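Listed here are the chains, written in short residue letters.
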Amino acid sequence: MTPDDVLTGLEAPLSLRRRVSSVAAGLAGLTGSSLIALLWATEPVLPARTHVAFGVLVAIGLAWAGFAGWAVTRRTPLFARDRVVAAWLGVAAWLLFTAGGLAIALGRHRLSPWLIVVIAVLGVAAAGNLHAARRARARLLRRALLLGR
Amino acid sequence: MRDEALVVRCQLGDRDAFGDLVRAWHQPVERYVGRMLGRADDDVVQEVWLAVVRGLPRLRQPERFAPWLFAIARRAVMNRLRQAYASAESEPITGDLPADGSDTDLVLDRELVDGALAALPRAEREVVLLFYLEDLPLDACAQICDVPVGTVKSRLHRARRLLRAELLRKGYQA
């Protein structure tokens, strides 16, 4: 077995596209299920089968989020650069959720305070995650420069 | 220093650095796995590298890459041995690693040493491989084997005694 054989066997976990796809799928699932849950919670009267349909859609979104979480922690790890990309995707997902949430709330002429709180908490989490990812990458870049001298 | 720089570049997501890291460490890993199992095992080697890829982003001390790598290799070897014992596939220790080199005496010496190493108990063989062949310090060997440094020293002492006895038994003249 040669080193190139080893690297060929590691194509999947080292594939940037695969890692970013996992993160994107997870965030899409999470955002989608959150918006559907918001819609579900704010609908006044719904028939039983619509409740079931909403529940199934939320479960599918959460399943994608869970699968992506497992993939990026166990199967295809996120390196420093990927974490920054993932954090930006997180910010994009937050913006999408904010826009969708506000559209739903304003469409019903009822902006509840808890929605503002949820949006604010998620925004702080997304910004904090981005900051931490960028700081970790900058620290590694500094170390690489130092070692490269 | 070079390994540390490579590891940091890998943690940043530099794929070329990972290729360099594999090229630098593949042979020691393959040698360790081969000698611990008594035969070459590509699946275990691949498993080790897969665990390295998955664990590398969380490695806090890139300068301690070598002990970390061998700890992973050790775990993979132990898992394979456990599987072999569980399925009662006791394979004889043959020491049939490929010998490269054209010098006949060198090959014979190497076979003699391989045979003597294979005859050592697993714990003693492991510390000899790590300390003498991979040139790792005592504390790194202790970290990999998950035992105190004193235990590594006593295993080395016992291993030297057993190796000497085995080589003399095979007619090697010191």
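Residues numbered from 1 in each chain as written. Chains lettered and ligands numbered in written order. Predicted model: local features only at pLDDT ≥ 70, side-chain atom pairs only at ≥ 80, totals over all residues. Heavy atoms only, no water.

**Quick notes on the domain arrangement of chain B**
For an interface, size is often stated in terms of accessible area lost upon the parts coming together.
All names here are of chain B.
And then number 1: Looking at the assigned domains, one finds that chain B contains domain 1 (1–92) and domain 2 (101–174).
And then number 2: Across the contact, 14 residues belong to domain 1 and 16 residues belong to domain 2.
And then number 3: Here domain 1 packs against domain 2, burying approximately 1,400 Å² in sum over the two surfaces, 55% of which is carbon and sulfur.
And then number 4: Looking only at domain 1, the three residues that lose the most surface to domain 2 are Arg35, Met36 and Arg74, adding up to 45% of its buried area.
And then number 5: The interface formed by domain 1 and domain 2 holds three salt bridges in total.
And then number 6: In this structure, the salt-bridge partner of aspartate 139 is arginine 64, at a minimum N-O distance of 3.7 Å.
And then number 7: At the boundary of domain 1 with domain 2, the tally comes to six residue pairs in polar contact (both at pLDDT 80 or more).
And then number 8: Listing elements by their share of the side of domain 1 that touches domain 2, those giving two or more residues are α2 (15–37) and α4 (65–86).
And then number 9: Looking at the side of domain 1 that touches domain 2, the element that brings in the most residues is α4, giving seven residues.
And then number 10: Its residues placed into classes, the side of domain 1 that touches domain 2 shows 10 nonpolar, no polar and four charged. (Domains from an automatic or database assignment. Contact = heavy atoms within 4.5 Å. Buried area = accessible area lost by both parts, 1.4 Å probe. Salt bridge = Lys/Arg side-chain N within 4 Å of Asp/Glu carboxyl O. Polar contact = N/O pair within 3.5 Å; in protein donor to acceptor, adjacent residues only side chain to side chain. Helix = DSSP H or I, 4+ residues; strand = E, 2+ residues; numbered from the N terminus. Nonpolar A, V, L, I, M, F, W, Y, C, P; charged D, E, K, R; others polar.)

**Thoughts on the UniProt feature "domain: RNA polymerase sigma factor 70 region 4 type" (unreviewed entry) in chain B**
And then number 1: Mapped onto this numbering, the UniProt entry gives "domain: RNA polymerase sigma factor 70 region 4 type" (unreviewed entry) at residues 111–163 of chain B.
And then number 2: Along residues 111–163 of chain B, the helical share is 83% and the strand share 0%, with 14 Å between the first and last C-alpha atoms. (UniProt positions renumbered as here; feature names shortened; annotations may be inferred.)

**Focus on the UniProt feature "transmembrane region" (unreviewed entry) in chain A**
And then number 1: UniProt records the feature "transmembrane region" (unreviewed entry) for residues 20–40, 52–72, 84–105 and 111–133 of chain A in the present numbering.
And then number 2: With 100% helix and 0% strand, residues 84–105 of chain A has its two end C-alpha atoms placed 31 Å apart.

**Quick notes on helix α6 (residues 122–133) of chain B**
And then number 1: The terminal C-alpha atoms of α6 of chain B, which comprises 12 residues, lie 15 Å apart, in line with the 16 Å expected from a rise of 1.5 Å per residue.
And then number 2: Downstream of α6 of chain B by a residue or two, aspartate 135 of chain B has a phi angle that is positive, lying close to 60 degrees. (Expected span 1.5 Å × (residues − 1).)

**What to know about the confidence of the model for chain B**
And then number 1: Summary statistics for chain B give a mean pLDDT of 83 and a share of 84% for residues scoring 70 or more.
And then number 2: The model gives residues 90–102 of chain B a pLDDT under 50, and that stretch makes 15 contacts with residues more than four places away or in other chains. (pLDDT = per-residue confidence, 0-100.)

**Here we look at the UniProt feature "domain: RNA polymerase sigma-70 region" (unreviewed entry) in chain B**
And then number 1: Within this structure's numbering, the places UniProt gives as "domain: RNA polymerase sigma-70 region" (unreviewed entry) are residues 21–84 of chain B.
And then number 2: Annotation note: span residues 21–84 of chain B, helix share 80%, strand share 0%, distance between end C-alpha atoms 30 Å.

**Quick notes on the interface of chain B and chain A**
And then number 1: Counting from both sides, the interface comprises 28 residues of chain B and, opposite them, 27 residues of chain A.
And then number 2: Carbon and sulfur atoms supply 65% of the area that chain B and chain A bury against each other, a total of about 2,500 Å² over both sides.
And then number 3: On the chain B side of the interface with chain A, the three residues burying the most area are Leu12, Arg15 and Gln46 of chain B, jointly 25% of the side's total.
And then number 4: Linking chain B with chain A are four salt bridges.
And then number 5: Close ionic contact of arginine 143 of chain A with glutamate 63 of chain B constitutes a salt bridge, the shortest N to O distance being 2.8 Å.
And then number 6: Here chain B and chain A share 11 residue pairs in polar contact (both at pLDDT 80 or more) between them.

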